[in-house]
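Given next are the chains, with one letter for each unit.
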Amino acid sequence: MTGLSRRRRLAAVAVIALATVAGSACSSSANDPTDGGAYLVWDPYPQFADDSEWVALLKKCGTSAGVTVERTGYDTTDLTNKALLAAQQGNSPDVLIVDNPVISTLAEAGALTTTDDNKLDVSAMEKNLLGAGQSDGKTYGVPIGANTLALYYNKDLLTAAGVDPAAVKDWTSLTAALTTVKAKGKKGITFSAIGTEEGSFQFLPWFWGSGAQLTSLDSPQAVSALTLWTDWLRQGHAPNSVINNTQTTSWQEFATGDYAFAENGTWQLANAEKLGFAYGTIAIPASAGGPAPAPTGGEFVSIPVQKNTGRYEASQKIVACLTNADNLLTTDTTLSYVAPVAAVQERQATADPKLKVWVEAVRAAKGRTGDNLGTKYPKISESLWTAVQSALSGGKSPQEALTAAQTAATTR
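Remember, predicted model here, so these are calculated numbers, not experimental data.

**Side note on the overall build of the chain**
Helix and strand counts for the chain come out as 18 helices and eleven strands. What you see for the chain is a C-alpha radius of gyration of 22 Å, in line with the 22 Å of a compact globule of 412 residues. With the C-alpha coordinates of the chain rotated into their principal frame, the extents come out at 70 × 50 × 35 Å. In the chain, which comprises 412 residues, the share counted as buried stands at 56%. Restricting the contact set of the chain to residue pairs at least 6 apart, pairs at least 24 apart contribute 76%. With an accessible surface of roughly 16,600 Å², the chain has 52% of that area assigned to carbon and sulfur atoms. For the chain, the centre of its 32 positive side-chain charges and the centre of its 38 negative side-chain charges are spaced 3 Å apart.

As structure tokens, then:
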């Protein structure tokens, strides 16, 4: 890519960032990539203070690379905007850790080096997780870990209703379980179908589990997935509140003890231990059986483009240190993530048997920007959550809603 074309792409992508941060540009003195000063690391973990184990690991990895690391933690949205602006101004950090869907945005802007450029070894990474950081056959970072979705269930409620969660293998058996629970006077399942990315995130396991593809939102398979959800509301297996539920409020519904199942993520594991009833987890079933592909959350570690390419060597050492097996185990345990390396996943599941279901779910998962969708995904996602909202509220049939979604996704 020529310098001119890269500058044009950065300028175009950074327009939104400029409007969002309203002039809070990064100081050019923060990192002059032509000098040999401290190596900057930006991450989306502002919750970790300077005396945390995470920051200690960053500094340790800097020391092992022979450099000094200076770390700044930002809110996820703020980090994306700052990363785009820094790239435009030529003062990007040396190492950037961002939410996996953001990788395609930064890659399209020409802000990131590829693993061919920076010589990062990604051969041990699980291919389905690595896919979120790939575009046009090139890889732009290394996954640091992943979270995803599964079904939590209320053991006490299911036992009282005579339902064996191990028998839930597909959509038919799940709906049968919900029918039995409802017949016993209890509530079936809660989830988030809000009109935001959270709603799309929660619908995707059912969408993909039907065999549908994001390039064809109105396929018969996609219609079957949305029909499943609308039927659950119509039959009283799921509450109307799902239309406005976030993943937090749907969890709060499950925590009342009134629901048999709840779709939610690994990030609720700590809260699950505080529930007033026994719980378990199963993978979200695909239509015909087996675990459905759920979307992956989690971050990628990347190396931004620098004027001084001599800096890449130390940056590569820092990233390699952060993503080696022992450090991944510590980091992913702290973040409630499943590791992106099979051997470390096995160590996690051995140390905590409750993680076996989550390891299974992550192994079946896929990136939202995968299938080479890249920056097309946000438009597709908005069309999808709009269709879900329309169908669940009764405004349109599943077929009508998804037909409109496909038209919107291809014309926006």
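**A few points about helix α10 (residues 220–234)**
If you check α10, its first and last C-alpha atoms are 20 Å apart, about what 15 residues at 1.5 Å a residue would give, namely 21 Å. For α10, the set of buried residues is Ala 222, Val 223, Ala 225, Leu 226, Leu 228, Trp 229, Thr 230, Trp 232 and Leu 233. Of the surrounding elements, those touching the buried residues of α10 are α8 (171–183), β8 (187–190), α9 (197–209), β9 (259–265), α17 (377–392) and α18 (398–411). After α10 finishes, the residue Gly 236 shows a positive phi value of roughly 80 degrees.

**Focus: the side chain of Lys 366**
Summarising the element assignment, Lys 366 is placed in the loop between α16 (356–364) and α17. Among the polar contacts listed, one links the side chain of Lys 366 to the side chain of Asp 371, at a separation of 3.1 Å. Excluding residues within four positions of it along the chain, Lys 366 makes contact with Asn 128, Trp 208, Gln 213, Pro 293, Ala 294, Pro 295, Thr 296 and Asp 371.

**Looking at the packing of aromatic side chains**
Counted according to the given criterion, the structure contains 16 aromatic pairs. Aromatic pair Phe 201 and Trp 267: ring centres 6.3 Å apart, planes at 45 degrees, arrangement tilted. Highlighted residues: Phe 201 in helix α9 and Trp 267 in the loop between β9 and α12 (269–272), separated in sequence by 66 residues. Aromatic rings pair up to connect Trp 171, Phe 191, Phe 203, Trp 206, Phe 207, Trp 229 and Trp 232 into one cluster. One Lys or Arg, Arg 311, reaches over the ring of Tyr 39 and ends 4.1 Å from the middle of that ring.

**Some points on the nonpolar core**
Counting 55 residues, the largest nonpolar core has Trp 206, Phe 207, Leu 214, Trp 232 and Phe 261 as its most contacted members. Mapped by element, the contributors of at least two residues to this core are β7 (149–154), α7 (155–161), α8, α9, α10, β9, α17 and α18. Among the elements that make up this core, the one with the highest residue count is α10 (eight residues). Beyond its immediate chain neighbours, meaning those up to four positions away, Leu 214 contacts Leu 204, Phe 207, Trp 208, Arg 368, Leu 373, Tyr 377, Ile 380 and Leu 384. Counting residues in hydrophobic clusters, the runner-up holds 54 residues, among them Phe 48, Leu 112, Val 319 and Val 341.

Rules and cut-offs
Residues numbered from 1 in each chain as written. Predicted model: local features only at pLDDT ≥ 70, side-chain atom pairs only at ≥ 80, totals over all residues. Heavy atoms only, no water. Helix = DSSP H or I, 4+ residues; strand = E, 2+ residues; numbered from the N terminus. Rg over C-alpha atoms; globule rule 2.2 N^0.38 Å. Buried < 20%, exposed > 50% of the residue type's maximum accessible area, 1.4 Å probe, protein only. Contact = heavy atoms within 4.5 Å. Areas by Shrake-Rupley, 256 points an atom, 1.4 Å probe, with all protein chains shown as cover. Lys, Arg positive; Asp, Glu negative; His and termini not counted. Charge placed at Lys NZ, Arg CZ, Asp CG, Glu CD. Expected span 1.5 Å × (residues − 1). Polar contact = N/O pair within 3.5 Å; in protein donor to acceptor, adjacent residues only side chain to side chain. Phe/Tyr/Trp six-rings, centres within 6.5 Å; stacked < 30°, edge-to-face > 60°. Lys NZ or Arg CZ within 6 Å of the ring centre and 35° of its normal. Core = buried A, V, L, I, M, F, W, Y, C linked by side-chain atoms within 4.5 Å.

Everything listed here is a matter of geometry and, on its own, says nothing about what the molecule does.
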